[in-house]
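Structure at a glance
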Amino acid sequence: MLKHVDCFTVESSASTKIASAVTKSGVKILSLKKEGKNTVIHTNFKHRPVIIALLNQLCYNYKLVSYGFMKSVKDFAARKGLAAGLLAAMLFFMLTPLYTLRIEVKGDYPKDEVLSALESLGISAGGRAKVDCSLLEESLLKLDGVASASVEKKGTTLIVNILSELPEQDVYIYGGTGPLVATADAVVSRQIVYSGTALHKKGQTIRAGESVIADYVLVGEEKVPATARGEVYGLVYYTATAWFTPEVIELRESGNTFKVTSTEFLGAASAKKDAPYENYYTESRTYVTGILLPVRVTETTYYELVETRVTYTFEECEKQLKASALEAASAKLPLAASLKNKWITVKPAGNGFVVEATVEAEIRIDGRL
Amino acid sequence: MFTDEIIKLTGGGSLEFYLPKITVLGKRAVVIEGHRGVVFFSSDEAKFRLKNCMLSVTGEKLEVKNLTSSDALVSGAISGLSYA
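These numbers were taken from a predicted model, which means no experiment stands behind them.

We now examine the overall build of chain A. A tally of helices and strands in chain A yields 7 helices and 24 strands. Counting across all 369 residues of chain A, residues that qualify as buried make up 31%. Partitioning the contacts of chain A with sequence separation of at least 6, the portion at a separation of at least 24 is 63%. Total accessible area on chain A stands at roughly 23500 Å², and carbon and sulfur atoms take up 55% of it.

Let's shift gears to the overall build of chain B. A count of helical and extended segments in chain B gives 2 helices and 6 strands. Starting at the N terminus and ending at the C terminus, chain B contains elements arranged as α-α-β-β-β-β-β-β. Looking at chain B as a whole, 29% of its 84 residues qualify as buried. In chain B, once contacts between residues fewer than 6 apart in sequence are set aside, the share between residues at least 24 apart is 37%. Summed over its atoms, the accessible surface of chain B is roughly 5100 Å², and 55% of this surface lies on carbon and sulfur atoms.

With that settled, consider the confidence of the model for chain B. Residue and element names in this part refer to chain B. Considering every residue of chain B, the mean pLDDT works out to 84; 79% of them sit at 70 or more. Between the elements of chain B, mean pLDDT differs from a low of 56, seen in helix 2 (residues 15–18), to a high of 93, seen in strand 6 (residues 71–83). Interface confidence for the predicted complex, expressed as ipTM, amounts to 0.75; the pTM equals 0.36.

Opposite the 13 residues of chain A that make contact, chain B presents 13 residues. Taken together, the two surfaces of chain A and chain B that pack against each other cover about 1100 Å², and 57% of this comes from carbon and sulfur. Contact with chain B buries area across many residues of chain A, yet Thr16, Leu32 and Lys34 of chain A alone supply 41% of it, more than any other trio. On inspection of chain A and its partner chain B, the count reaches 8 residue pairs in polar contact (both at pLDDT 80 or more). Where the side of chain A that touches chain B is concerned, the elements lending two or more residues are helix 1 (15–24) and strand 2 (29–35) of chain A. For the side of chain A that touches chain B, the leading source of residues is strand 2 of chain A, giving 6 residues. For the side of chain A that touches chain B, the per-class residue count stands at 5 nonpolar, 5 polar and 3 charged. Relative to strand 5 (residues 54–67) of chain B, strand 2 of chain A is paired through 3 bridges, and the arrangement is antiparallel. For leucine 32 of chain A, the partnering residue across the bridge sits in strand 5 of chain B and is valine 64 of chain B.

Walk down a regular strand and you will see the side chains alternate between the two sheet faces. Residues and elements named next belong to chain A. One ladder, built from 5 bridges, connects strand 6 (residues 102–106) with strand 9 (residues 157–164); its direction is parallel. By the bridge assignment for strand 9, arginine 102 is matched with threonine 157. In this sheet, strand 9 lies alongside strand 8 (residues 146–154) in antiparallel orientation, the contact comprising 8 bridges. Pairing of serine 148 across the sheet is with leucine 163, part of strand 9. Turn length for the strand 8-strand 9 hairpin, with the two strands adjacent in sequence and antiparallel, is 2 residues, and the turn residue glycine 155 shows positive phi of about 65 degrees.

This next bit is on the sheet that holds strand 13 (residues 205–206) of chain A. Residues and elements named next belong to chain A. Read from one edge to the other, the open sheet built from 5 strands follows the order 13-11-17-23-22, with strand pairing classed as antiparallel. Sheet topology places strand 13 and strand 22 (338–349) at the edges, where each strand pairs with a single neighbour. With 11 bridges joining them, strand 22 and strand 23 (residues 352–364) adopt antiparallel strand pairing. What sits directly across from isoleucine 344, in strand 23, is alanine 357. The strands touched by helix 7 (residues 314–330) within the sheet are strand 17 (229–244), strand 22 and strand 23, with strand 17 carrying the most contacts at an inclination of about 150 degrees.

A cluster of nonpolar side chains, Leu86, Leu87, Met90, Leu91, Met94, Leu95, Leu98, Tyr99 and Leu101 of chain A, forms an exposed patch at the surface whose accessible area comes to about 830 Å². Among the structural elements, tyrosine 99 of chain A can be located in strand 5 (residues 99–100).

To continue, consider the environment of threonine 345 of chain A. Residue and element names in this part refer to chain A. As for its placement among the helices and strands, threonine 345 is situated in strand 22. Judged by relative accessible area, threonine 345 falls into the partly exposed class, the value being 29%. For the pair threonine 345 and lysine 322, spaced 23 residues apart in the sequence, the C-alpha separation amounts to 8.9 Å. With near-sequence residues (within four places) excluded, threonine 345 lies in contact with Val354, Val355 and Glu356.

Below, the discussion takes up the side chain of glutamate 304 of chain A. Residue and element names in this part refer to chain A. Examined against the element boundaries, glutamate 304 turns out to sit in strand 21 (residues 295–311). There is no salt bridge for the buried glutamate 304, and the closest opposite charge comes from arginine 252, which lies 14 Å off by N-O distance. Within the structure, glutamate 304 has its side chain in polar contact with the side chain of serine 254 (distance 2.6 Å). Within the local environment of glutamate 304, its side chain forms a polar contact with the side chain of asparagine 256, the two groups lying 2.7 Å apart. If we skip the residues at most four places from it in the chain, glutamate 304 touches Arg252, Glu253, Ser254, Gly255, Asn256, Tyr277, Asn279 and Tyr280.

Residue and element names in this part refer to chain A. The tally for this structure, following the rule as stated, stands at 11 salt bridges over all chains. One salt bridge connects arginine 102 with glutamate 104, and the closest N-O pair in it is separated by 3.2 Å. Ionic pairing is found between arginine 190 and glutamate 362, a salt bridge with its closest N-O pair at 3.3 Å. Of this pair, arginine 190 sits in strand 11 (residues 186–195) while glutamate 362 sits in strand 23; the two residues are 172 residues apart in sequence, bridging distant segments of the chain.

Here the focus is helix 1 of chain A. The buried count for helix 1 of chain A comes to 8 of 10 residues, which makes it a mostly enclosed element. Among all positions in helix 1 of chain A, only Ser15, Thr16, Ile18, Ala19, Ser20, Ala21, Val22 and Thr23 of chain A are buried. Against the buried residues of helix 1 of chain A lie strand 1 (5–10), strand 2, strand 3 (38–44) and helix 2 (48–57) of chain A together with strand 3 (38–41) and strand 5 of chain B.

Strand pairing in a sheet relies on backbone hydrogen bonds. The paired strands run either parallel or antiparallel. Residue and element names in this part refer to chain A. Spatially, 19-18-21-20 is the arrangement adopted by the 4 strands of the open sheet, whose pairing is antiparallel. The outermost strands of the open sheet, each flanked by one partner alone, are strand 19 (268–269) and strand 20 (280–289). Here 10 bridges tie strand 20 to strand 21, and the two strands are oriented antiparallel to one another. Bridging from a neighbouring strand, arginine 285 pairs with glutamate 299 of strand 21.

Conventions and cut-offs
Residue positions are given per chain, counting from 1 as you read along its sequence in written order. Starting at A for chains and at 1 for ligands, labels are handed out in the order in which the entities are written. Local features in a predicted model are, by the rule used here, given only for residues with pLDDT of at least 70; side-chain atom pairs are given and counted only at 80 or more, and totals for whole chains, interfaces and linings are based on all residues. Only hydrogens and water are set aside; all other atoms, that is, all heavy atoms of the structure, feed into the side-chain values. Secondary structure elements are taken from DSSP: a helix is a run of H or I of four residues or more, a strand is a run of E of two residues or more, and numbering for both begins at the N terminus. For the exposure calls, accessible area comes from a 1.4 Å probe over protein chains only, and a residue counts as buried if that area is under 20% of its type's maximum, exposed if over 50%, partly exposed in between. Whether two residues are in contact is decided by their heavy atoms, any of which lying within 4.5 Å being enough. Computed with a 1.4 Å probe, the accessible areas rest on the Shrake-Rupley method; for each residue, only the protein chains presented here act as cover. The pLDDT score gives, residue by residue, the confidence of the prediction method on a 0 to 100 scale. Note on terms: buried area is the combined drop in 1.4 Å-probe accessible area of two parts once they are placed together, counting the loss on both. Identification of polar contacts relies on pairs of N or O atoms within 3.5 Å, with a donor-acceptor requirement for protein atoms, meaning one able to donate a hydrogen and the other able to accept it, and with residues adjacent in sequence counted only if both atoms are side-chain atoms. Throughout, the ten residues Ala, Val, Leu, Ile, Met, Phe, Trp, Tyr, Cys and Pro are labelled nonpolar, Asp, Glu, Lys and Arg are labelled charged, and all others, Gly among them, are labelled polar. Pairing between strands is defined by DSSP: at least two bridges between them are needed. Lines fitted to C-alpha atoms define the axes, with helix axes restricted to the stretch in contact, and inter-axis angles between N-to-C directions lie between 0 and 180 degrees. Two distance rules govern patches: like charges are joined within 9 Å, and nonpolar side chains (Val, Leu, Ile, Met, Phe, Trp, Tyr) within 5 Å, applied only to residues with over 30% relative accessible area and no salt bridge. The working definition used for a salt bridge is a side-chain nitrogen of Lys or Arg within 4 Å of a carboxyl oxygen of Asp or Glu. The sign given to each residue is positive for Lys and Arg and negative for Asp and Glu; His and the chain ends receive no count.

As structure tokens, then:
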């Protein structure tokens, strides 16, 4: 469309001669027409020297008019529909930002109240008004129960984000209940603070009774009172020990037995005899004889036990010792504890060994004094 | 098929090489390919030399566009074509 064209108006009616000469020189004639006694030819401006030389050679008088950008503009303007469309589009894009065709209200604040507030400020859907977003925000924040408001204009859409204040009962008022303290010695593993300030970091060891969540929050340097609320979890350790000695004294049966029989008749019992051995265990059997006059007979057998020195190796007892130590350590865990880890160490002690089982568990350790 | 027969009739080879091609676009324009020069031109008539004859395009407000040594486009209100 924006081509640079030369227009030669040649004072001659011999258009054929001119056209032939021009085309023979390899120049394309964009347009050839006769205007009265003149011949008008349009060519690309880059062929100007050739055309001028040719016309001079042929001794024609001519007038050269060069069309550049303005010619293109005029050509474009001549296409009335296209020009009108372009103009309309330009006007549309220039004017539409001034209009507010749609108002989008986001948030939990009543939409009707927002729209009526905007209307009182001269903003309505379909209306034309200059929108000052910061001014609108200020006005919306003045509405009852508005916690936050933001206004943004995107094209012809006005987007309002507005949130209501929380209901009164959801606001926790400081009750001055003091800090939360640790209920056990532990290593802090994780903590959730709802309000207040955590006083320890993960991995720090704390003693029972130490404060874990303080009843204030820091605003800059200032401590603002707040109810200490949260959950603090810590790792606790429980140990149990079992000892192994190679020689133990056990009571074992010697093989000697002694049987004693006693009777009981109508509430009267025969005299009891003492046990014949220092260490023993007994087995008793009771039965009744007689049909008319029942006699209760009790037979007691004493088995003698003697102290015997027994020798074990550690390998024989290792499994049982470890199991019993671990069981004893696990038994100390509180019900709500979450078992994290466990391990067993064996250390020599004297002529035996000490088996120590440790269990690591996570428990909630926050509490109030 | 039709073109093949013409090629046979004309002794083979390329049709475009031997014969000019005249395309009439309604009453608005005539495209002439393969002419051998403009013989006469006015706002009522344009005459072109072809290989063995002359082509006359008549009409009103005629204008020749895109004229080269072999091709031309005659626009305007075309009323007739004739060969002589």
